[in-house]
Amino acid sequence: MRSPKDFFAPLAVGAPDPVREIPALPSRMIHFFDPSNEKMAAKVPDLAKKVDVLLGNLEDAVRADRKEAARNGLVSIAKSTDFGATQLWTRINSLDSPWVLDDLITLVTEIGDKLDVIMVPKVEGAQDIHYVDRLLAQLEARAGLRRPLLVHAILETASGVANVEEIAGASPRMQGISLGPADLAASRRMKTTRVGGGHPGYLVRTDPVGDDLETGRTTYQQDLWHYTVARMVDACAMHGILPYYGPFGDIRDVVACEDQFRNAFLLGCVGTWTLHPVQIDIARRVFSPDPKDVAWARRVIAAMGDGTGAVMIDGKMQDDASVKQCRVVAELADALATRDPELAKAYDEATKEALA
């Protein structure tokens, strides 16, 4: 185990110093695209204006005979595109694949100055992050990079869930963790073929009335991913990194997609993956605090002054714990407002009305 005093030391001579705090940049939607798909690649400049994060996918959904084309396509796109304030991420192939080493060598040395985050699939423990951490430092030194690349882990195996706390704290590079429900379901031998979302068979039922075990017993579908998301959020909060929901595979069911995204948002996730343009606006809406909630949060903060003691607002008691909750909402709103003028206007108007 590395000594705590060496935790923020570069892992290679000439590599940039690790970051001491993860930048809290807007990342409500991580929009995936296949760099080997020419039609999809042509849309990247326009997509960059609509999303917080664009991710060039090299792993799942890219056929084995298209891996090199996807890698080279991402290099070309990164070099030729002005992403503005939008972050550029990539998902490399899994660490046990024959493609991952070429992914890292090529991307870091060719476009390391354009990339922000490298997403690592199927992370099972801290050892996987340590491997990537050291290799990135060596490649950063070779490429002469002055800014360290960050790492994002996907939680998609039973081992990964069991080790999520050590994964979250494995390196100063750790930017965040996403839930990968499909691979995780397979790893756990869960009996579902859905990519995220609920399942009609996973439910609770109201108690019977009298001896009749059938009539009038309402059922309620439950969230298959509640435990895992909550544990992931706790691990991320503990280590000062960011939690994300992953993919929702039923593109047609925008209602259930919004429900799943909102569950994750309320539990503490800061964003989600979007696999199709129709999911972008859903993610933007869900992972941006409602203007009424922002106005209420700012009202409570203003009323509480130095944040100590307690006050009554509209018949509801507010104290120091309330202020902490409200600051989470208000600070997120402030960060998003810097990127989204329409959202900033809505927040300001709602706040003025609440404080009037």
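Residues numbered from 1 in each chain as written. Predicted model: local features only at pLDDT ≥ 70, side-chain atom pairs only at ≥ 80, totals over all residues. Heavy atoms only, no water.

**Considerations on empty space enclosed by the protein**
Scanning the model with the defined rule gives 1 cavity of 30 Å³ or more in all. Size it by volume and the largest cavity reaches roughly 80 Å³. The wall of the largest cavity is formed by 13 residues, among which Leu-11, Pro-16, Pro-18, Asp-133 and Arg-173 lie closest to the centre. (1 Å grid on protein atoms, 1.4 Å probe; cavity = no way out; pocket = protein on both sides within 12 Å on 5 of 7 lines; lining within 4 Å. Points joined across faces, edges and corners; volume = space filled by probe spheres on them.)

**So, the domain arrangement of the protein chain**
Split by domain assignment, the protein chain resolves into domain 1 (29-287) and domain 2 (291-355). At the interface, 8 residues of domain 1 touch 4 residues of domain 2. Counting across the interface, domain 1 meets domain 2 through 1 salt bridge. One salt bridge connects Arg-339 with Asp-52, and the closest N-O pair in it is separated by 2.9 Å. When the residues that make up the side of domain 1 that touches domain 2 are grouped by side-chain class, the tally is 5 nonpolar, 1 polar and 2 charged. (Domains from an automatic or database assignment. Contact = heavy atoms within 4.5 Å. Salt bridge = Lys/Arg side-chain N within 4 Å of Asp/Glu carboxyl O. Nonpolar A, V, L, I, M, F, W, Y, C, P; charged D, E, K, R; others polar.)

**Overview of the packing of helix α3 (residues 67-80) against helix α4 (residues 100-111)**
Following both chains from N to C, one finds α3 and α4 inclined at 15°, their axes separated by 10 Å at the closest point. Of the possible angle classes, the one that applies to α3 and α4 is roughly parallel. In terms of crossing hand, the pair formed by α3 and α4 is right-handed. Contacts between α3 and α4 pair Arg-71, Leu-74, Val-75, Ala-78 and Lys-79 from the former with Asp-102, Asp-103, Thr-106, Leu-107, Glu-110 and Ile-111 from the latter. Residues that form the contact of α3 with α4 fall into these classes: 5 nonpolar, 1 polar and 5 charged. (Axes fitted to C-alpha atoms, helices over the stretch in contact; angles between N-to-C directions. Helix = DSSP H or I, 4+ residues; strand = E, 2+ residues; numbered from the N terminus. Parallel < 35°, antiparallel > 145°, perpendicular 65-115°, else oblique. Left-handed = near helix turned anticlockwise from the far one by under 90°.)

**Side note on the layout of surface pockets**
What the largest pocket holds in volume is close to 1000 Å³. Taken together, 35 residues form the lining of the largest pocket, with Phe-265, Gly-268, Val-270, Val-328 and Leu-332 sitting closest to its centre. At the level of elements, α9 (226-239), β9 (242-244), α10 (254-267), α11 (278-286), α12 (291-304) and α13 (320-337) are the ones that each hand at least two residues to the lining of the largest pocket. Among the elements that line the lining of the largest pocket, the one with the most residues is α13, at 7 residues. Residues of the lining of the largest pocket, tallied by class, amount to 23 nonpolar, 4 polar and 8 charged. For the second largest pocket, the calculated volume is near 500 Å³. Considering the residues around the second largest pocket, the lining is formed by 23 residues, among which Phe-32, Phe-33, Asn-57, Ala-61 and Leu-275 are closest to the centre. Classifying every residue of the lining of the second largest pocket gives 13 nonpolar, 4 polar and 6 charged.

**Topic: the environment of Trp-99**
Along the chain, Trp-99 turns up in the loop between β3 (87-91) and α4. With relative accessibility at 28%, the residue Trp-99 sits in the partly exposed group. Ignoring sequence-local partners within four residues, the contact set of Trp-99 consists of Ala-64, Lys-67, Arg-71 and Asn-93. (Buried < 20%, exposed > 50% of the residue type's maximum accessible area, 1.4 Å probe, protein only.)

**Here's the deal with the environment of Asp-183**
Take Asp-183: it is sitting in helix α8 (residues 181-188). Judged by its relative accessible area of 27%, Asp-183 is partly exposed. In contact with Asp-183, other than residues within four places in its own chain, are Asp-60, Lys-122 and Glu-156.

**What to know about the pattern of salt bridges**
Summed over the entire model, instances satisfying the criterion amount to 21 salt bridges. Residue Glu-110 pairs with Lys-79 through a salt bridge whose shortest N-O separation is 2.8 Å. Residue Glu-110 is located in helix α4, and its partner Lys-79 is located in helix α3; the two are separated by 31 residues in the primary sequence. Relative accessible area serves as the criterion here: at 39%, Glu-110 is assigned to the partly exposed category. According to the relative accessible area criterion, Lys-79 is exposed, its value standing at 51%. With its nearest N and O atoms 2.8 Å apart, the salt bridge here joins Arg-285 to Glu-258. Placement of the pair is Arg-285 in helix α11 and Glu-258 in helix α10, with a sequence separation of 27 residues. Classification of Arg-285 by relative accessible area gives partly exposed; the value is 44%. One continuous salt-bridge network, built from bridges that share partners, spans Glu-59, Asp-60, Arg-91, Lys-122 and Asp-183.

**With respect to unusual backbone geometry**
Phi is positive for Lys-122, which is not a glycine, with a value near 55°. Summarising the element assignment, Lys-122 is placed in the loop between β4 (117-120) and α5 (126-143). With a relative accessible area of 26%, Lys-122 lands in the partly exposed category. The residue Asp-314 is not glycine, and still its phi comes out positive at about 50°. By the element assignment, Asp-314 lies in the loop between β11 (311-313) and β12 (316-318). Classification of Asp-314 by relative accessible area gives exposed; the value is 57%.

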